[in-house]
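# Tertiary structure, described
Listed below are the residues making up each chain.
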Amino acid sequence: MKKKMVIIFIWLLIWQGLSMLVSNDILLAGPYETIKALISLCGDRLFYFAIINTQIRIIAGILSAFIFAVSFAALSYKIRLFREFMAPLVSVLKSIPVASFVIILLIWAGNKNVSLFICLMVGFPLIYIPLLGALLNLNKGLKELADLYKMSLLKKIRFMIWPQIKETVISSLKLAIGMGFKSGIAAELIGQPLNTIGNGLYRAKVSLETDRLFAWTLVIVLISYLLEKFVIYILRKLS
């Protein structure tokens, strides 16, 4: 822990040094200016509305992606035809840029829930592909043993399947949460729904308030980090 704190402190010093070297807050605000801007934002109640609105939609999108990915991976594992049917869709979702998704969603559904749908579309393949791979590589000997002792489905999942796929689920969820926040806020930045973090970033950019831009970015990193740690903690406790 101390080592991490020292490393963070060194990077803050480098950031402050670069800011002093540039000597232009519009080009590069330092950590001091960023913290001041963050304190200023904390005094505005719309700041909290923006965080709550964005967080609810992004969490809902990631949760939806997880539910769909687990359900479809289980079906693909059981039914080969369904796996082949899903392959083109997964390839398309992996390949299409976020900006294209955002524009299509703005045409179809407006800007209010654009971050939710983007997180769903981005997160789905990130969870589905590794999870399906883990299921296809399950220990066949353990499966035969479970069939021999006529274990119930819940016991098979708890004692046979979950221990083998746990780390895959955790690592894919971590990736989906990180990418979900990046793509969800990028979608808000393009779609501009009111009272969201993306809208706050846009207003900071338009008014050339780099310190506020960095303050919003700090908030995004912190929320993403805390959510990731919370989800991983819950999954490890459940296991």
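To be clear, the structure that these remarks concern was listed above.
The notes below deal with the structure included here. For clarity, every value in this text was computed on a predicted model and none was experimentally measured.

## What about helix H2 (residues 31–42)?
An α-helical turn contains 3.6 residues, so any two residues separated by three or four positions project in the same direction. Given a rise of 1.5 Å per residue, 12 residues ought to cover 16 Å, and the 16 Å separating the end C-alpha atoms of H2 matches this to within 8%. Turning to H2, its buried residues number three or more, namely Pro31, Thr34, Ala37, Leu38 and Leu41. Each buried residue of H2 sits inside an arc of 120° when the element is viewed along its axis, so together they form one side. Pointing more than 90 degrees away from the buried face of H2 are the exposed residues Tyr32 and Ile39. Buried residues along H2 sit in contact with helix H1 (2–22), helix H3 (45–78) and helix H10 (210–238).

## Observations concerning the packing of aromatic side chains
The geometry of two aromatic rings is summed up by the distance between their centres and the angle between their planes. For the structure on display, the rule yields eight aromatic pairs. Considering the side-chain rings of Phe47 and Trp216, the 5.1 Å spacing of their centres and the 50° angle between planes classify their relative orientation as tilted. Linking Phe47 in helix H3 with Trp216 in helix H10, this pair joins segments that are 169 residues apart in sequence. Exposure class is identical for Phe47 and Trp216. Each is buried. A centroid spacing of 5.3 Å and a plane angle of 20° characterise the contact between Phe124 and Tyr128, whose relative ring orientation is stacked.

## A few points about the pattern of salt bridges
Counted according to the given criterion, the structure contains one salt bridge. Note that Arg80 and Glu84 form a salt bridge whose closest N and O atoms lie 3.3 Å from each other. Here Arg80 pairs with Glu84, and both are found in helix H4 (residues 80–95), just four residues apart, close to one helical turn.

## Some details on the packing of helix H9 (residues 197–206) against H10
As a packed pair, H9 and H10 sit with axes 8 Å apart at the nearest point and diverge in direction by 155°. With respect to their mutual orientation, H9 and H10 come out roughly antiparallel. Of the two possible hands of crossing, H9 and H10 adopt the one that is left-handed. In contact with Ile197, Gly200, Leu201 and Ala204 of H9, H10 contributes Arg212, Leu213, Trp216, Thr217, Ile220 and Ile223. Across the contact of H9 with H10, the residue classes break down as seven nonpolar, two polar and one charged.

## Comments concerning the packing of H2 against H10
One way to put it is that H2 packs onto H10 with a least axis distance of 8 Å and a crossing angle of 75°. Here H10 runs roughly perpendicular to H2, going by the angle between their axes. On H10, the residues that touch Glu33, Thr34, Ile35, Ala37, Leu38, Ser40 and Leu41 of H2 are Asp211, Arg212, Phe214, Ala215, Trp216, Leu218 and Val219. The class makeup of the residues in the contact of H2 with H10 is nine nonpolar, two polar and three charged.

## With respect to the nonpolar core
Ranked by internal contacts, the top residues of the largest apolar core, which has 49 residues, are Ile118, Tyr128, Ile165, Ile197 and Trp216. Contributing elements (two or more residues each) for this core: H2, H3, H4, helix H5 (98–109), helix H6 (114–136), helix H8 (153–191), H9 and H10. Residues within four places of Ile118 in sequence aside, it is in contact with Val98, Phe101, Val102, Leu105, Ser183, Gly184 and Ala187.

## With respect to H8
Spanning 39 residues, H8 covers only 44 Å between terminal C-alpha atoms, well under the ideal 57 Å at 1.5 Å per step. The principal kink in H8, of about 65°, is found at Trp162, preceding the proline Pro163 by one to four residues. At the exit of H8 stands Gln192, carrying a positive phi of roughly 60°.

## Comments concerning the side chain of Ser76
Take Ser76: it is sitting in helix H3. Side chain to side chain, Ser76 and Tyr128 meet in a polar contact 2.7 Å long. Ignoring sequence-local partners within four residues, the contact set of Ser76 consists of Phe82, Arg83, Met86, Tyr128 and Leu132.

## Some points on unusual backbone geometry
Trans is the prevailing form of peptide bonds, just as negative phi is the prevailing case for residues other than glycine. Notably, Asn195 is not glycine yet its phi reads approximately 55°, a positive angle. Locating Asn195 in the fold gives a position in the loop between H8 and H9. What makes Asn195 partly exposed here is its relative accessible area of 33%. For Leu208, which is not a glycine, the phi torsion comes out positive at approximately 55°. Residue placement: Leu208 occurs in the loop between H9 and H10. Among the residues examined, Leu208 registers a relative accessible area of 53% and is labelled exposed.

Thresholds, definitions, all that
Residues numbered from 1 in each chain as written. Predicted model: local features only at pLDDT ≥ 70, side-chain atom pairs only at ≥ 80, totals over all residues. Heavy atoms only, no water. Helix = DSSP H or I, 4+ residues; strand = E, 2+ residues; numbered from the N terminus. Expected span 1.5 Å × (residues − 1). Buried < 20%, exposed > 50% of the residue type's maximum accessible area, 1.4 Å probe, protein only. Arc of directions from axis to C-beta. Contact = heavy atoms within 4.5 Å. Phe/Tyr/Trp six-rings, centres within 6.5 Å; stacked < 30°, edge-to-face > 60°. Salt bridge = Lys/Arg side-chain N within 4 Å of Asp/Glu carboxyl O. Axes fitted to C-alpha atoms, helices over the stretch in contact; angles between N-to-C directions. Parallel < 35°, antiparallel > 145°, perpendicular 65-115°, else oblique. Left-handed = near helix turned anticlockwise from the far one by under 90°. Nonpolar A, V, L, I, M, F, W, Y, C, P; charged D, E, K, R; others polar. Core = buried A, V, L, I, M, F, W, Y, C linked by side-chain atoms within 4.5 Å. Bend = angle between axes of the 7 residues up to and from the residue. Polar contact = N/O pair within 3.5 Å; in protein donor to acceptor, adjacent residues only side chain to side chain.

Structural measurements only, silent on function.
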